[in-house]
Amino acid sequence: MKETLSLAVKTRAGLGKGACRKLRADGLVPGVYYDAKGINIPVLVDHLPLQKLYSKTLSAHVFDLLIDSDAGQETKPSLVWKIVHHPTKPRIIHVDFYGVDLTKEIEVHVPIEVVGKSKGQVKGGTLEIYRETIEIICLPLAIPDKIVIDITNIDINENIQIADVALPEGVKAVYENNYAVLGVITTVAETAVEGA
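## Examining the overall build of the protein
Argument step 1. Scanning the protein from terminus to terminus reveals four helices and 13 strands.
Argument step 2. Taken against the 2.2 N^0.38 rule, which gives 16 Å for 196 residues, the C-alpha radius of gyration of the protein at 21 Å runs more than 25% over that of a compact globule.
Argument step 3. Its C-alpha atoms put the protein at 75 × 40 × 30 Å along the principal axes.
Argument step 4. Counting across all 196 residues of the protein, residues that qualify as buried make up 35%.
Argument step 5. Counted over contacts in the protein with a minimum sequence separation of 6, partners at least 24 positions apart contribute 65%.
Argument step 6. Roughly 11500 Å² of accessible area belongs to the protein as shown, and the carbon and sulfur atoms make up 53% of that amount.

Written out as C-alpha cells, the structure is:
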C-alpha cells in the first residue's frame, strides 16, 4: 500500500507579479489549487517541503493537501499538476495543485521502469526507449508509481507495443493507435559491417 503523504499550504491574498516575487524572495512558492468543479484557491507553500513532496510524487501520486485559511483547515486529495522551475536556479517558482475526486477515474502520465536484459541485447543489439512515460486512466488511489516492463524475451528488431504492456488491475493505457514503447535495434556499427 502506498504511503499517504501530505503538504501544508496557506491561502494567499496578494496576486500578481510583484506579490509573487516577494513570496519567492521569502523562500515561498506561489501556487493555485483548482479542481473539476471550478474552484480556484491561490495558495503559498514553503519551497523545501514542496520540493521533497514532488521528488516522491512527481505528478502521479495522490497526497493530502492541507489548506490553511481564515476559515480553518481543509484537506483536499490532490495531485501536483504543474511545476514551473526557475530557468537557471534549482528552485520551483510556481505550482498548480489539482484536486481529485477519489471516486472518478483520472488520466495521468506514469514513468516506465525497464527490468531484465533482452535476448537482443545479449546478441549485441541496443535497447531504445521511445516513451519514458505512459498515459493511463484509473481511480486516483490506484495510480501506480511506475509501470514495470520486463524485456527479457525481446529479440533484435522487436518492440513492445503499448497494447502488450502488462498493467495493474483497474489501470488502462490511453491511446488511439498502438505504438512502440521500447524496442531492441541493431547497432549502427553492425549495420555498416553487414552492408560492406
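Still more ground to cover, so stick around.
## A short note on the layout of surface pockets
Argument step 1. Estimates place the volume of the largest pocket at around 300 Å³.
Argument step 2. Lining the largest pocket are 14 residues; nearest its centre among them are A36, K37, G99, V100 and D101.
Argument step 3. Sorting the residues of the lining of the largest pocket by element identifies β2 (28–35), β5 (72–85) and β6 (92–99) as the ones contributing at least two each.
Argument step 4. Across the lining of the largest pocket, the residue classes break down as seven nonpolar, one polar and six charged.

## Observations regarding the side chain of S78
Argument step 1. With respect to the secondary-structure elements, S78 resides in strand β5.
Argument step 2. Engagement of the side chain of S78 in a polar contact is seen with the backbone oxygen of K76, the distance being 3.0 Å.
Argument step 3. Excluding anything up to four places from it in sequence, S78 contacts Y33, H61, V62, F63, L65, Y98, G99 and V100.

## Quick look at the sheet that holds β6
Backbone hydrogen bonds hold the strands of a sheet together, and the pairing may be parallel or antiparallel.
Argument step 1. On the basis of which strands lie adjacent, the closed barrel formed by six strands has the order β1-β3-β2-β6-β5-β4 and mixed pairing. For this sheet, the mean inter-axis angle between neighbouring strands, taken without regard to orientation, is 45°.

## Here's the deal with the pairing of strand β9 (residues 133–138)
Argument step 1. As paired elements, strand β7 (residues 106–115) and β9 share six bridges and run antiparallel to each other. Residue pairing across strands places V110 opposite I134, the latter belonging to β9.
Argument step 2. Where β9 meets strand β12 (residues 172–173), two bridges bridge the pair, whose relative direction is antiparallel. Bridging from a neighbouring strand, I136 pairs with A173 of β12.

Criteria and thresholds
- Residues numbered from 1 in each chain as written.
- Predicted model: local features only at pLDDT ≥ 70, side-chain atom pairs only at ≥ 80, totals over all residues.
- Heavy atoms only, no water.
- Helix = DSSP H or I, 4+ residues; strand = E, 2+ residues; numbered from the N terminus.
- Rg over C-alpha atoms; globule rule 2.2 N^0.38 Å.
- Buried < 20%, exposed > 50% of the residue type's maximum accessible area, 1.4 Å probe, protein only.
- Contact = heavy atoms within 4.5 Å.
- Areas by Shrake-Rupley, 256 points an atom, 1.4 Å probe, with all protein chains shown as cover.
- 1 Å grid on protein atoms, 1.4 Å probe; cavity = no way out; pocket = protein on both sides within 12 Å on 5 of 7 lines; lining within 4 Å.
- Points joined across faces, edges and corners; volume = space filled by probe spheres on them.
- Nonpolar A, V, L, I, M, F, W, Y, C, P; charged D, E, K, R; others polar.
- Polar contact = N/O pair within 3.5 Å; in protein donor to acceptor, adjacent residues only side chain to side chain.
- Pairing = 2+ DSSP bridges.
- Axes fitted to C-alpha atoms, helices over the stretch in contact; angles between N-to-C directions.

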